[in-house]
Amino acid sequence: MGPGNRNAGHSGTKKIDAQEAASLSLSLSLGGVTREVIAKLGDNPEEPEEAMALLQNVAIENAKIRLDDASLTGRILDQEAEKKPVSRSRTTCPG
């Protein structure tokens, strides 16, 4: 097997930052991504069936989503807690 055929992976991170609101980070790691798969995906974009067949061996190895509060989110949660007779801690998911 040549170096382009080995089981390879790809990782990427994207961060969206809204000043005075929150920042959202997305991170994804894929396994089974080879140069051959990438090349074939780019060869014929008009054949979705072929693309699906190529992607059968690609697996999501790790996915992370992180939201960092920068005050707006907290203020919205406080407002929602005031509208309903509940504490702020009841308006969030347990972490």
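Residues numbered from 1 in each chain as written. Predicted model: local features only at pLDDT ≥ 70, side-chain atom pairs only at ≥ 80, totals over all residues. Heavy atoms only, no water.

Novice: Whenever I open this one, the pattern of salt bridges confuses me. Can you help?
Specialist: When their charged atoms lie close together, side chains carrying opposite charge are able to pair. One pass over the structure, following the stated rule, counts four salt bridges. Residues Lys83 and Glu80 are paired through a salt bridge, measuring 3.1 Å at the closest nitrogen-oxygen approach. Here Glu80 and Lys83 lie together in helix H3 (residues 72–83), a separation of three residues that amounts to about one turn. Classification of Lys83 by relative accessible area gives exposed; the value is 62%. Classification of Glu80 by relative accessible area gives partly exposed; the value is 29%. Close ionic contact of Lys84 with Glu80 constitutes a salt bridge, the shortest N to O distance being 3.8 Å. (Salt bridge = Lys/Arg side-chain N within 4 Å of Asp/Glu carboxyl O. Helix = DSSP H or I, 4+ residues; strand = E, 2+ residues; numbered from the N terminus. Buried < 20%, exposed > 50% of the residue type's maximum accessible area, 1.4 Å probe, protein only.)

Novice: Teacher, can you tell me more about the side chain of Ser25 here?
Specialist: With respect to the helices, strands and loops of the structure, Ser25 is situated in strand S2 (residues 22–31). A residue is classified by how much of its surface remains accessible, and Ser25, at 16% relative accessible area, is buried. In this structure Ser25 touches Lys14, Lys15, Lys64, Ile65 and Arg66, once residues within four positions along its chain are discounted. (Contact = heavy atoms within 4.5 Å.)

Novice: Is there a simple way to think about the sheet that holds strand S3 (residues 59–69) in this case?
Specialist: Backbone-to-backbone hydrogen bonds join strands into a sheet, with any given pair of strands oriented parallel or antiparallel. One open sheet holds the three strands; their spatial order is S1-S2-S3, and the pairing between them is antiparallel. Each edge of the sheet is formed by a strand with only one pairing partner; in this case those strands are strand S1 (9–18) and S3. Taking the axes of each pair of neighbouring strands and ignoring which way they run, one obtains an average angle of 10 degrees across the sheet. Pairing between S1 and S2: ten bridges, direction antiparallel. Within the sheet, the bridge partner assigned to Gly12 lies in S2 and is Leu28. (Pairing = 2+ DSSP bridges. Axes fitted to C-alpha atoms, helices over the stretch in contact; angles between N-to-C directions.)

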